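For reference, the chains in residue letters:
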Amino acid sequence: MAWVALEGMKFHAFHGVYEAEQVLGGEYTVDVYVDTGIAIASKTDNLADTNVNYETVFQICLVAMSTPRKLLESVVGDIIYKMKFQFPSMKGIKVRVKKLNPPIYGKMKTSDKFHAVPGQAESAWVEDEANFVTKCPRCKQDFLCYKDDTCWCKALTNIHPATTENLIRQFGTSCICGNCLNLYKG
Ligand SMILES: [Zn+2]
Ligand SMILES: [Zn+2]
């Protein structure tokens, strides 16, 4: 297992449900961890051999953070989707978006009336991770599947529609590996 990570990327962004967050914005950090599982880059130290490069990861986060959203969950989901789209051979990914000093309010009841009590927290964060290693239902070998429209197999156009239907009947909607898929192309 080999990981490529970009940790503590800093952004000023406008996510959140409070007006102040949407107008004034707030400080955020983003962490991205990619399980590359490749040994080629570490052997040759050649940038062209590196599947995942920092600048592209940063660019993806920059675009995702520039789109204001109410929920950090949406931001994390957006980054993971864009990463899958950009890098077709990740074994897994973990993304964390952290809102620093988030506005936070509690409620207190005094003399029959509720009033808002501001609180303090260092950060509020959302993290999600995904593992793309899966077992081919046909040959039982491990392979990578992104399980949505970002999967490499969606780019294959040389499979006859009738064959695709037949495959779905046999193996369900889950992907089969490239080796097996090769047997059906033409
Ligand atoms: Zn297979
Ligand atoms: Zn797939």
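Parameters at a glance
- Residues numbered from 1 in each chain as written.
- Chains lettered and ligands numbered in written order.
- Predicted model: local features only at pLDDT ≥ 70, side-chain atom pairs only at ≥ 80, totals over all residues.
- Helix = DSSP H or I, 4+ residues; strand = E, 2+ residues; numbered from the N terminus.
- Buried ≥ 20, exposed ≤ 12 C-beta atoms within 10 Å, placed from the backbone.
- Contact = placed C-beta atoms within 7 Å.
- Axes fitted to C-alpha atoms, helices over the stretch in contact; angles between N-to-C directions.
- Parallel < 35°, antiparallel > 145°, perpendicular 65-115°, else oblique.
- Left-handed = near helix turned anticlockwise from the far one by under 90°.
- Nonpolar A, V, L, I, M, F, W, Y, C, P; charged D, E, K, R; others polar.
- Domains from an automatic or database assignment.
- Core = buried A, V, L, I, M, F, W, Y, C linked by C-beta atoms within 7 Å.

Enquirer: Which parts of the structure should I look at to understand the overall build of the protein chain?
Expert: Looking only at helices and strands, one finds 6 helices and 8 strands in the protein chain. Listing each helix as α and each strand as β along the protein chain from the N terminus yields β-α-β-α-α-α-β-β-β-β-β-β-α-α. Judged by the C-alpha coordinates and their principal axes, the protein chain covers about 75 × 45 × 25 Å. Residues counted as buried form 19% of the 186 residues belonging to the protein chain. The contacts in the protein chain between residues at least 6 apart in sequence include a share of 64% that link residues at least 24 apart.

Enquirer: Teacher, can you tell me more about the packing of helix 3 (residues 54-65) against helix 4 (residues 72-86) here?
Expert: Think of two packed helices as two axes; the pair is described by the angle between the axes and how far apart they sit. Where helix 3 meets helix 4, the closest approach of the two axes is 9 Å, and the angle between their N-to-C directions is 140°. Between helix 3 and helix 4, the angle falls in the class oblique. Between helix 3 and helix 4 lies a crossing of right-handed hand. Listed contacts from helix 4 to T56, I60, C61, A64 and M65 of helix 3 are V75, D78, I79, K82, M83 and Q86. Residues that form the contact of helix 3 with helix 4 fall into these classes: 7 nonpolar, 2 polar and 2 charged.

Enquirer: Before we go on, may I ask you to explain the domain arrangement of the protein chain in this structure?
Expert: Size of an interface, as often reported, equals the accessible area lost when the parts are brought together. According to the domain assignment, the protein chain consists of domain 1 (3-131) and domain 2 (133-182). Its C-alpha centre places domain 1 at a distance of 31 Å from the equivalent point of domain 2. If you look at the interface, domain 1 gives 7 residues, while domain 2 gives 5 residues. Ranked by residues supplied to the side of domain 1 that touches domain 2, first place goes to helix 4 with 3 residues. Of the residues in the side of domain 1 that touches domain 2, the class split is 3 nonpolar, 2 polar and 2 charged.

Enquirer: Sorry, what's going on with the nonpolar core here?
Expert: Generally speaking, soluble globular proteins have nonpolar side chains that are buried together. Membership of the largest hydrophobic core comes to 22 residues, with the highest contact counts inside it found for C61 and I79. At the level of elements, strand 2 (26-35), helix 3, helix 4 and strand 3 (92-100) are the ones that each hand at least two residues to this core. Take this core: its biggest share by element is 6 residues, from helix 4. In this structure, C61 is in contact with M9, V30, V32 and I79, ignoring residues within four places of it in sequence.

Enquirer: Sorry, what's going on with unusual backbone geometry here?
Expert: Of note in this structure, N101 is not a glycine but carries a positive phi near 45°. Following the sequence through the fold, N101 ends up in the loop between strand 3 and strand 4 (104-110). For S111, which is not glycine, the phi torsion reads 40° and is therefore positive. By secondary structure assignment, the location of S111 is in the loop between strand 4 and strand 5 (113-119). Take S111: there are 5 C-beta atoms within 10 Å of it, and that puts it in the exposed class.

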